[in-house]
Amino acid sequence: MTPLIGSVRVGMASAPSDPAEGELYYDTDDDVLYAWNDTAWSAVNAGYVAATGPDGAAGTIDGDYKYHVFNATKTGSDGFVVTNAGNSGGSTTVEYLVIAGGGGGGRQHGGGGGAGGYLSATGLSVSTGNYNVTVGAGGGGSSTTTGGGYTGVPGTNGSNSVFSSITSIGGGGGGSYRATDQDAANGVAGGSGGGAGSIESSSSGCGYGQSAGGRTSGQGYAGGDGAYAGGGGGGAGAVGQEGCGSSPGGDAGDGGAGLNSSITGSSVGRAGGGGGGSYSSGSSSCTSGSSGTASHGGAGGRCGTQSQPTAADANKGGGGGGGGSFAVYGGNGGSGVVIIRYKFQN
């Protein structure tokens, strides 16, 4: 028989079936004290997650929640430090957004870089202790050639971001212009794939050239194939567009759109793909690819210009833009970010 001391029942693994208002019972499975309010059992000693963020920061309060933003890698006591893991009467889990670094854009009428892998969910259990947080760097835009002529190597992939058991894969680099029979114009696979670079051809249409980079399932989308203009890099929310046109002009593909998240209390777009680059000569015209959505952190490509594309936004994981005219480097991808949110009070 369950001991009854006044109106307190102890040593039970489940709630009594015949409670009186104000009665208490201690659940030995949950290690939580509950009270009956004549309608439902309510935790008396509800526990919530308590933690510090980068370099011991207390975090930002948003109602009954706190969140921590990691814009750079932090380890040990400078990382995510859980001092109280909570209990089932309150909360024992966190919400997270983990975005890897975006890929760099391809050289001269190159493909846009793919966005860094994007992972977000609620319900990740934590325990007391230190969690290392790795924030991936953006990949460098292509600045070198190989095999003679103007043929360039693809942009560099972004670096992975890691929190607990969650790993987001760096965005794929954009392919570069291919004047010789090589694979330099292929986009590179990543969290989201890099767009393909351009190819010397008298063909017309869209996407008839080199192949875009593939995606990591559940983390983003593939880039766009190339023509005589680079394809757009894939974004967290959509594929990159194909490059179109024939020598000596073309319309580069736009980067794929990113995604919006309200983990910090307001909606912010991140992880857009980089726009492709294109080239014009004489009376021909060209159109550069735009970023995956201006607010999502990716960078636009260039059209027939000798300037390097602007780097993608820091800490949004967007892809770099493809270079425009001959010998123009690709743009750098944006660094990633890790954001952790949890309920700290009721």
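Residues numbered from 1 in each chain as written. Predicted model: local features only at pLDDT ≥ 70, side-chain atom pairs only at ≥ 80, totals over all residues. Heavy atoms only, no water.

A. Geometry of the state of the cysteines. Taken as a whole and judged by the stated rule, the model has one disulfide. The disulfide bridge from Cys-206 ends at Cys-244, spanning 1.9 Å between sulfur atoms. Between Cys-206 and Cys-244, the S-S torsion sits near 105°, and that sign places the bridge as right-handed. Of this pair, Cys-206 sits in the loop between strand 15 (166-168) and strand 16 (250-251) while Cys-244 sits in the loop between strand 15 and strand 16; the two residues are 38 residues apart in sequence, bridging distant segments of the chain. For Cys-244, a relative accessible area of 18% gives the class buried. (Disulfide = S-S within 2.5 Å. Helix = DSSP H or I, 4+ residues; strand = E, 2+ residues; numbered from the N terminus. Buried < 20%, exposed > 50% of the residue type's maximum accessible area, 1.4 Å probe, protein only.)

B. How the structure looks around the nonpolar core. Formed by 18 residues in total, the largest nonpolar core has its most connected members in Phe-70, Phe-80, Val-94, Val-133, Phe-163, Val-338 and Ile-340. When contributions to this core are tallied by element, the ones reaching two or more residues are strand 6 (49-52), strand 9 (80-85), strand 10 (93-99) and strand 20 (337-343). For Ile-340, the residues in contact, after removing those within four places along its chain, are Lys-66, Tyr-67, His-68, Phe-70, Phe-80, Val-94, Glu-95 and Phe-163. Counting nine residues, the second largest nonpolar core, distinct from the first, contains Leu-97, Ala-115, Ala-236 and Val-337. (Core = buried A, V, L, I, M, F, W, Y, C linked by side-chain atoms within 4.5 Å. Contact = heavy atoms within 4.5 Å.)

C. Looking closely at the pattern of salt bridges. Per the counting criterion, the structure on display carries three salt bridges. As a salt-bridge pair, Asp-55 and Lys-74 come within 3.0 Å of each other at their nearest N and O atoms. Taken together, the residues Asp-55 in the loop between strand 6 and strand 7 (60-62) and Lys-74 in the loop between strand 8 (65-70) and strand 9 connect sequence positions 19 residues apart. Between Glu-95 and Arg-341 there is a salt bridge whose closest N-O contact spans 4.0 Å. (Salt bridge = Lys/Arg side-chain N within 4 Å of Asp/Glu carboxyl O.)

D. View of the sheet that holds strand 11 (residues 118-125). What the five strands build is an open sheet, ordered 7-8-20-10-11; its pairing is antiparallel. This sheet does not close on itself; its edge strands, each paired only once, are strand 7 and strand 11. On average, each strand axis in the sheet is tilted by 20° relative to the strand beside it, whichever way the strands run. In terms of strand pairing, strand 10 meets strand 11 through six bridges, oriented antiparallel. Across the sheet, Tyr-96 pairs through a bridge with Ala-121, a residue of strand 11. (Pairing = 2+ DSSP bridges. Axes fitted to C-alpha atoms, helices over the stretch in contact; angles between N-to-C directions.)

E. How the structure looks around the pairing of strand 20. Counting buried residues along strand 20, six of its seven residues qualify, which places the element largely inside the surrounding structure. Pairing between strand 8 and strand 20: six bridges, direction antiparallel. The partner of Phe-70 across the bridge, within strand 20, is Val-338. Strand direction decides the pairing type here: strand 10 and strand 20, joined by five bridges, are antiparallel.

F. A look at the sheet that holds strand 9. If you trace the three strands from one edge of the open sheet to the other, you get 6-9-12, paired in antiparallel fashion. Where the open sheet ends on each side, the last strands, each with one partner, are strand 6 and strand 12 (129-131). On average, adjacent strands in this sheet sit at an angle of 30° to one another, irrespective of strand direction. Two strands pair when backbone bridges link them, and strand 6 and strand 9 are joined in this way by four bridges, in the antiparallel orientation. Looking across to strand 9, one finds that Val-49 is bridged to Ala-85.

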